[in-house]
Amino acid sequence: GGTIDKLESIPGFRTDLSRSEFLERVRAHGMALADHTEDMVPADRILYELRDVTSTVDSLPLIVASIMSKKIAGGAQGIVIDVKTGAGAFLPRLEDSRRLAQSLVAIGASLGRSMSALITDMSQPLGRNVGNALEVAEAIDTLRGDGPDDLAELCCALGGELLVFAGEATTPKEGSQQLARLLQNGAAMDRFRELIVHQAGDPAVLDDPSLLPTPRSTCEVCASTSGTVSGLNALSIGKAANLLGAGRFTKEDSIDPAVGVELLCKVGDSVEKGLPLARLHVNREDQLEAVQRMVREAYAIDPAGAPHTPPPLIVERVVG
């Protein structure tokens, strides 16, 4: 699922804001999160849904148009884009990710926007959860200062870029450090609570994430050998989550917010034969064997147990 699908895991959370509602919330509260609407880039709503089912997800012109149309129509003056590269990205090859980042930055700069893009690694999944409600719960942990290090690092790096554009920091590093402090002192969580309230969601999920959609059952995928995780294919994990119902195969498909893959081990972790690598959150079992196989095969394990370091999270920075 996409960002909107994840947010809609929060009971009551409203993303169908009109352009005027979107801007009003930004002016009043400093933030808003909204889906495509009838009066803001309406054509993109149709094109975005069709890309998934017409094998044009990786079309560079369509990606650029989709991303920048919403940013420009929304009135943003400073724009930071997270461009993924690696197995789990729309464009797995670094040279293609670089072309995308450069195109996005060039278009925004030509329209007078302050622009930057971070090319970030998606060879293995970010964080430890893949699924809609699962990722919301992980975001809550992160806003509490208890989330995965890679997710917190990336969010602070992206936000640090924005703080420079807003005149609140002199360098991205300084901005990132400011945001890291907000994760620890509770201010970030307070702001998310405010956002949920102003978009009609139930803020009780922040204190009790079990109020998010939950699956009927869970099952574990165990290691077939001992050693060190040397690789974790993000695309395979994403496909496995889709088979469980976390994504769409056709435009008409509905998303199950409760299902997904919880990663108990990632690159660099030691594993033992017979112990769990991942936990599946399941509502239907018709594809379960295929999902288990897919997740197990996504893991590359070095039986020698040699140390393995995850690739750098932030690969390149592109500015306009």
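For clarity, every value in this text was computed on a predicted model and none was experimentally measured.

Visitor: Describe the overall build of the chain, with residues and values.
Guide: When helices and strands are tallied, the chain shows eleven helices and ten strands. Here the chain has a C-alpha radius of gyration of 20 Å; the compact-globule value for 320 residues is 20 Å, and the two agree. In terms of overall dimensions, the chain has C-alpha extents of about 55 × 45 × 40 Å along its principal axes. Buried residues in the chain amount to 43% of all 320 residues. Sequence separation of at least 24 residues holds for 71% of the intrachain contacts in the chain that already meet a minimum separation of 6. Of the charged side chains in the chain, 31 are positive and 44 negative; the average position of the first set lies 4 Å away from that of the second.

Visitor: Tell me about the sheet that holds strand 7 (residues 270–271), residues and numbers included.
Guide: The antiparallel open sheet is built from three strands, whose spatial order is 7-5-9. Both outer strands of the open sheet, strand 7 and strand 9 (299–302), are each paired with one neighbouring strand and no more. The pairing of strand 5 (residues 227–232) with strand 9 spans four bridges and is classified as antiparallel. Each residue of the ladder has a partner; that of Leu-232, found in strand 9, is Tyr-299.

Visitor: Describe the side chain of Arg-25, listing the residues and the values that go with them.
Guide: Considering the arrangement of structural elements, one finds Arg-25 in helix 2 (residues 19–29). By relative accessible area, which is 15% here, Arg-25 ends up buried. A distance of 3.1 Å separates the side chain of Arg-25 from the backbone oxygen of His-198, its partner in a polar contact.

Visitor: With reference to specific residues and values, describe the pairing of strand 6 (residues 260–263).
Guide: Of the two faces of strand 6, the one lined by Gly-260 and Glu-262 and the one lined by Val-261 and Leu-263 are each fully buried. In the sheet, strand 3 (residues 129–131) pairs with strand 6 via three bridges, with the strands oriented antiparallel. Among the inter-strand pairings, Val-130 is bridged to a residue of strand 6, identified as Val-261. Here strand 6 runs beside strand 8 (residues 276–282); their pairing, made up of four bridges, is antiparallel. When the bridges of strand 8 are listed, Leu-263 appears paired with Ala-278.

Visitor: I'd like a rundown of unusual backbone geometry, residues and numbers included.
Guide: In the Ramachandran plot, Ala-200 falls in the positive-phi region, its phi being about 70 degrees despite a non-glycine side chain. Position of Ala-200 relative to the elements: it lies in the loop between helix 9 (187–198) and strand 4 (217–222).

Visitor: For the packing of aromatic side chains, give the residues involved together with the corresponding values.
Guide: Tallied over the full model, the rule gives zero aromatic pairs. Positioned above the aromatic ring of Phe-90 is the side chain of Arg-51, whose terminal nitrogen or guanidinium carbon lies 5.9 Å from the ring centre.

Visitor: Please provide a residue-by-residue account of the side chain of Asp-150, values included.
Guide: Topologically, Asp-150 is positioned in helix 7 (residues 149–165). At 3.1 Å, the side chain of Asp-150 and the backbone nitrogen of Gly-127 are in polar contact. When sequence neighbours within four positions are dropped, the list of residues in contact with Asp-150 reads Pro-125, Leu-126, Gly-127, Lys-266 and Leu-313.

Visitor: Describe the packing of helix 10 (residues 234–244) against helix 11 (residues 288–298), and please don't skip the residues or the numbers.
Guide: Contact geometry of helix 10 with helix 11 gives a least axis separation of 9 Å together with a crossing angle of 165 degrees. If you check the angle between helix 10 and helix 11, you find them roughly antiparallel. As for how helix 10 packs across helix 11, the hand of that crossing is left-handed. On helix 11, the residues touching Ser-236, Ile-237, Lys-239, Ala-240, Leu-243 and Leu-244 of helix 10 are Ala-290, Val-291, Met-294, Val-295 and Ala-298. Broken down by class, the residue content of the contact of helix 10 with helix 11 amounts to nine nonpolar, one polar and one charged.

Visitor: Account for the pattern of salt bridges, with residues named and values stated.
Guide: Summed over the entire model, instances satisfying the criterion amount to 20 salt bridges. In this structure, the salt-bridge partner of Asp-16 is Arg-14, at a minimum N-O distance of 2.9 Å. Residue Arg-14 is classed as partly exposed on the basis of its relative accessible area, which comes to 27%. Across the pair Arg-25 and Glu-24 runs a salt bridge, and its minimum N-O distance is 3.8 Å. Judged by relative accessible area, Glu-24 falls into the partly exposed class, the value being 39%. Linked by salt bridges that have partners in common, Arg-93, Glu-95, Asp-96 and Arg-99 make up one network.

Visitor: Account for a nonpolar patch on the surface, with residues named and values stated.
Guide: A cluster of nonpolar side chains, namely Ile-46, Leu-50 and Val-53, defines an oily patch on the protein surface of about 220 Å² accessible area. Note that Leu-50 resides in helix 3 (residues 42–51).

Visitor: Requested: an account of the pairing of strand 1 (residues 78–85), with residues and values cited.
Guide: One face of the sheet, then the other: side chains in a regular strand alternate in exactly this way. Where strand 1 meets strand 2 (residues 114–121), eight bridges bridge the pair, whose relative direction is parallel. Along strand 2, the bridge assignment pairs Gly-78 with Ser-114. Regarding topology, helix 5 (residues 94–110) serves as the crossover connection from strand 1 to the parallel strand 2, and that connection is right-handed.

Visitor: Which residues make up the sheet that holds strand 8, and what are the values?
Guide: Pairing is antiparallel across the open sheet formed by four strands, whose spatial order is 3-6-8-4. Each edge of the open sheet carries a strand with a single partner, namely strand 3 and strand 4. Averaged over all pairs of adjacent strands, the angle between strand axes in this sheet comes to 20 degrees, irrespective of strand direction. Sheet topology note: the strand 4/strand 8 ladder contains six bridges and is antiparallel.

The rules behind these values
- Residues numbered from 1 in each chain as written.
- Predicted model: local features only at pLDDT ≥ 70, side-chain atom pairs only at ≥ 80, totals over all residues.
- Heavy atoms only, no water.
- Helix = DSSP H or I, 4+ residues; strand = E, 2+ residues; numbered from the N terminus.
- Rg over C-alpha atoms; globule rule 2.2 N^0.38 Å.
- Buried < 20%, exposed > 50% of the residue type's maximum accessible area, 1.4 Å probe, protein only.
- Contact = heavy atoms within 4.5 Å.
- Lys, Arg positive; Asp, Glu negative; His and termini not counted.
- Charge placed at Lys NZ, Arg CZ, Asp CG, Glu CD.
- Pairing = 2+ DSSP bridges.
- Polar contact = N/O pair within 3.5 Å; in protein donor to acceptor, adjacent residues only side chain to side chain.
- Phe/Tyr/Trp six-rings, centres within 6.5 Å; stacked < 30°, edge-to-face > 60°.
- Lys NZ or Arg CZ within 6 Å of the ring centre and 35° of its normal.
- Axes fitted to C-alpha atoms, helices over the stretch in contact; angles between N-to-C directions.
- Parallel < 35°, antiparallel > 145°, perpendicular 65-115°, else oblique.
- Left-handed = near helix turned anticlockwise from the far one by under 90°.
- Nonpolar A, V, L, I, M, F, W, Y, C, P; charged D, E, K, R; others polar.
- Salt bridge = Lys/Arg side-chain N within 4 Å of Asp/Glu carboxyl O.
- Patch = residues over 30% accessible without salt bridge, like charges linked within 9 Å, V, L, I, M, F, W, Y side chains within 5 Å.
- Areas by Shrake-Rupley, 256 points an atom, 1.4 Å probe, with all protein chains shown as cover.
- Right-handed = clockwise from strand over helix to strand, strands pointing away.

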